[in-house]
Amino acid sequence: MNEILTRVSLHRRHRMDRRSLLAGLSWRRQATPAKRKALRTMAKVLQGSNTKAQWHHDDFPGGSVFPNLDKFVIHTTETTSWPGYEGGASAPNATYNPKLREIRQHFPNNVSSRALRDPDRTPVRENRDKVFQLEIICYSDQKLGQKVGGLWVGDLTDSHFADIARMMIQLNREEGLPLQTSVTWKEGTTSPPKGVRLSSSGYDAYQGILGHVHVSGNEHWDPGGFRASRLMAKIA
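How each quantity is defined
Residues numbered from 1 in each chain as written. Predicted model: local features only at pLDDT ≥ 70, side-chain atom pairs only at ≥ 80, totals over all residues. Heavy atoms only, no water. Pairing = 2+ DSSP bridges. Helix = DSSP H or I, 4+ residues; strand = E, 2+ residues; numbered from the N terminus. Axes fitted to C-alpha atoms, helices over the stretch in contact; angles between N-to-C directions. Contact = heavy atoms within 4.5 Å. Core = buried A, V, L, I, M, F, W, Y, C linked by side-chain atoms within 4.5 Å. Buried < 20%, exposed > 50% of the residue type's maximum accessible area, 1.4 Å probe, protein only. pLDDT = per-residue confidence, 0-100. Phe/Tyr/Trp six-rings, centres within 6.5 Å; stacked < 30°, edge-to-face > 60°. Polar contact = N/O pair within 3.5 Å; in protein donor to acceptor, adjacent residues only side chain to side chain. Salt bridge = Lys/Arg side-chain N within 4 Å of Asp/Glu carboxyl O.

1. Looking at the sheet that holds strand β5 (residues 208-211)
As summarised here, the arrangement of the five strands in space is β3-β2-β4-β1-β5, forming an open sheet in which the pairing is mixed. With one partner strand each, in any of the chains shown, β3 (102-105) and β5 form the two edges of the open sheet. Across the sheet, the axes of successive neighbouring strands diverge by a mean angle of 25°, strand direction being ignored. As paired elements, strand β2 (residues 94-97) and strand β4 (residues 131-136) share three bridges and run parallel to each other. In the strand pairing of β4, Tyr96 is matched with Ile136. Across the sheet, helix α6 (residues 158-175) touches β1 (71-76), β2, β3, β4 and β5, and the angle it forms with β2 is around 155°.

Next comes the structure, spelled out in structure tokens:
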């Protein structure tokens, strides 16, 4: 147990809640395979998503259940393939693979996920603020992506934006997600955007689509040069 807690506490992306970890371990000891399958079947998920390959809600069942969604946060994985997410400890609600045009669901649509930092210094709980989180398998860091043969976020195609738009339209219909964005996007940039991060109160009050770079209490700059205007054109 101490080894598990130490490894999780050092994870770069978020602060693990000890009670949530213990609840997850208890769940894994008690839940039967049939019970896990039944709960996964009842969960609200994205249409066409794979709920078997990396479903982590069974391992971390203590998330907040949202009455509606206010936000959709876009991340980039900075990998060429499906991330492991430390066994789910830093997983978003879903991951989209542009090369395969496939979605893997990790947590239900209306339940908090774990891909943001959630520091004590901010009054808002970033992961639990009625937010759906999507990781896209591509690179905000263009040079790193080129070095390893990965996809740069600025090269996402209209087909990719259409796939992501369908997710958002579903969440609008089922969870009330506002289909709008009012944050500043640095479309096509290959360097970290400056001066775009929201304050804690600004993040808490925000409704609509934003990136990891905009979230209070966080330091990552993904999704970098994401072309939000092309996404919004698919939603309109």
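Now that the structure is up, let's keep going.
2. A word on the nonpolar core
Where a protein is soluble and globular, its nonpolar side chains tend to be buried together. Phe72, Ile74, Leu134, Ile136, Met168, Phe226 and Leu231 are the most contacted members of the largest nonpolar core, which has 38 residues in total. At the level of elements, β1, β2, β4, α6, β5 and α8 (228-235) are the ones that each hand at least two residues to this core. Here this core gets six residues from one element, more than from any other, and that element is α6. If sequence neighbours within four positions are ignored, Ile136 has contacts with Ile74, His75, Thr76, Thr77, Tyr96, Pro98, Leu156, Ile164 and Phe226.

3. Let's talk about the confidence of the model for the protein chain
Of the residues in the protein chain, 82% have a pLDDT of 70 or more, and the chain-wide mean is 88. Mean pLDDT in the protein chain bottoms out at helix α1 (residues 2-9), which sits at 34, and peaks at β2, which reaches 99. Scored below 50 in pLDDT, residues 1-23 shows 38 contacts in the model against residues more than four places distant or in partner chains.

4. Side note on the packing of aromatic side chains
The tally for this structure, following the rule as stated, stands at three aromatic pairs. Note on Trp185 and Phe226: the rings are 5.7 Å apart at their centroids and 45° apart in plane angle, and the pair reads as tilted. Of this pair, Trp185 sits in the loop between α6 and α7 (200-205) while Phe226 sits in the loop between β5 and α8, and the two are 41 residues apart along the sequence. Here Trp185 matches Phe226 in class, with each residue buried.

5. Regarding the side chain of His75
Within the secondary structure layout, His75 lies in strand β1. At 3.1 Å, the side chain of His75 and the side chain of His212 are in polar contact.

6. Some points on the pattern of salt bridges
Under the counting rule described, the total for this entry stands at eight salt bridges. Residue Arg166 is joined to Asp163 by a salt bridge in which the shortest nitrogen-to-oxygen separation is 2.3 Å. In this pair, Arg166 and Asp163 both sit in helix α6, three residues apart, roughly one turn of the helix. Among the ionic contacts, a cluster of salt bridges with common partners joins Arg101, Asp163 and Arg166.

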